[in-house]
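Working through the structure, step by step
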Amino acid sequence: MLVAWLPIAVAATVLAGMSYAMTQEMTRSSADDVPRAQAQRAADTLSRGGAPAQVAPAAATDLATDVGPFMTLYGANGAVQGHHSPARRRPPEVPRAVLAQAKAHGIDRVTWQSRAGVREAVIALPWRSTTAQAVVVAGASLRPSEDRQAQLLLLLLAGWPR
């Protein structure tokens, strides 16, 4: 009797694993939607000669506690030019390689851990106007998508054949 159920258990396990992997990838990819839209709007505004103050969010975001988006503007030299992010003295600075990749390829999409336990979906887009050029970086917490992934895993484990 056990031998008859073994192929079904194996198939159920493989399907559950594939379902989890696909959902995890889709959930992570969708976490880029808000930062990408925010970065694109900011880059477009700055490219048309807009001032950094025009694109900065109205409220600061503490990356450790707030799952909302943040944005940081980097100058041509890679130094922070403007930000509205955490409620601490220095803004978080993405690795220089993120800025270089964005400049070289027109975009960079990364999962960034700014500090222990704080993971962000980050989009970096270069912009250029007649008087300046730089990179805008926007991101949002991965906590909501990671919470959904954990819930899915629990559901899959609850439905696994016993």
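Computed from a prediction, not measured in an experiment: that's the story for all the values here.

Judged by side-chain polarity, Leu6, Val10, Val14, Leu15, Met18 and Met22 come together as a nonpolar surface patch covering roughly 590 Å² of accessible area. Its location among the elements puts Met18 in helix 1 (residues 2–30).

All right, on to the nonpolar core then. Within soluble globular proteins, side chains that are nonpolar tend to cluster in buried spots. Counting 14 residues, the largest nonpolar core has Val94, Leu99, Trp112, Val122, Ala124, Val135 and Val137 as the members making the most contacts within it. At the level of secondary structure, the elements contributing two or more residues to this core comprise strand 1 (70–74), helix 4 (96–105), strand 3 (108–115), strand 4 (118–128) and strand 5 (133–141). Excluding residues that lie within four positions of it along the chain, Ala124 makes contacts with Val98, Ala102, Ile107, Asp108, Val135, Val136 and Val137. Within the second largest apolar cluster, 13 residues are counted, among which are Ala39, Leu46, Leu73 and Ala138.

Once that is clear, we can look at the pairing of strand 4. Of all eleven residues making up strand 4, eight are buried, and the element is well covered by its neighbours. Judged from the seven bridges that link them, strand 3 and strand 4 form a sheet pairing that is antiparallel. Along strand 4, the bridge assignment pairs Trp112 with Glu120. Connecting the antiparallel pair strand 3 and strand 4 is a turn made up of two residues, with Gly117 showing a positive phi of about 80 degrees. Sheet topology note: the strand 4/strand 5 ladder contains nine bridges and is antiparallel. Note on strand 5: the bridge partner recorded for Leu125 is Val136. Where strand 4 hands over to strand 5, the hairpin turn is made up of four residues, counted between the paired strands.

What counts, and at which threshold
- Residues numbered from 1 in each chain as written.
- Predicted model: local features only at pLDDT ≥ 70, side-chain atom pairs only at ≥ 80, totals over all residues.
- Heavy atoms only, no water.
- Patch = residues over 30% accessible without salt bridge, like charges linked within 9 Å, V, L, I, M, F, W, Y side chains within 5 Å.
- Areas by Shrake-Rupley, 256 points an atom, 1.4 Å probe, with all protein chains shown as cover.
- Salt bridge = Lys/Arg side-chain N within 4 Å of Asp/Glu carboxyl O.
- Helix = DSSP H or I, 4+ residues; strand = E, 2+ residues; numbered from the N terminus.
- Core = buried A, V, L, I, M, F, W, Y, C linked by side-chain atoms within 4.5 Å.
- Buried < 20%, exposed > 50% of the residue type's maximum accessible area, 1.4 Å probe, protein only.
- Contact = heavy atoms within 4.5 Å.
- Pairing = 2+ DSSP bridges.

By themselves, these are just geometric observations and shouldn't be taken as functional.
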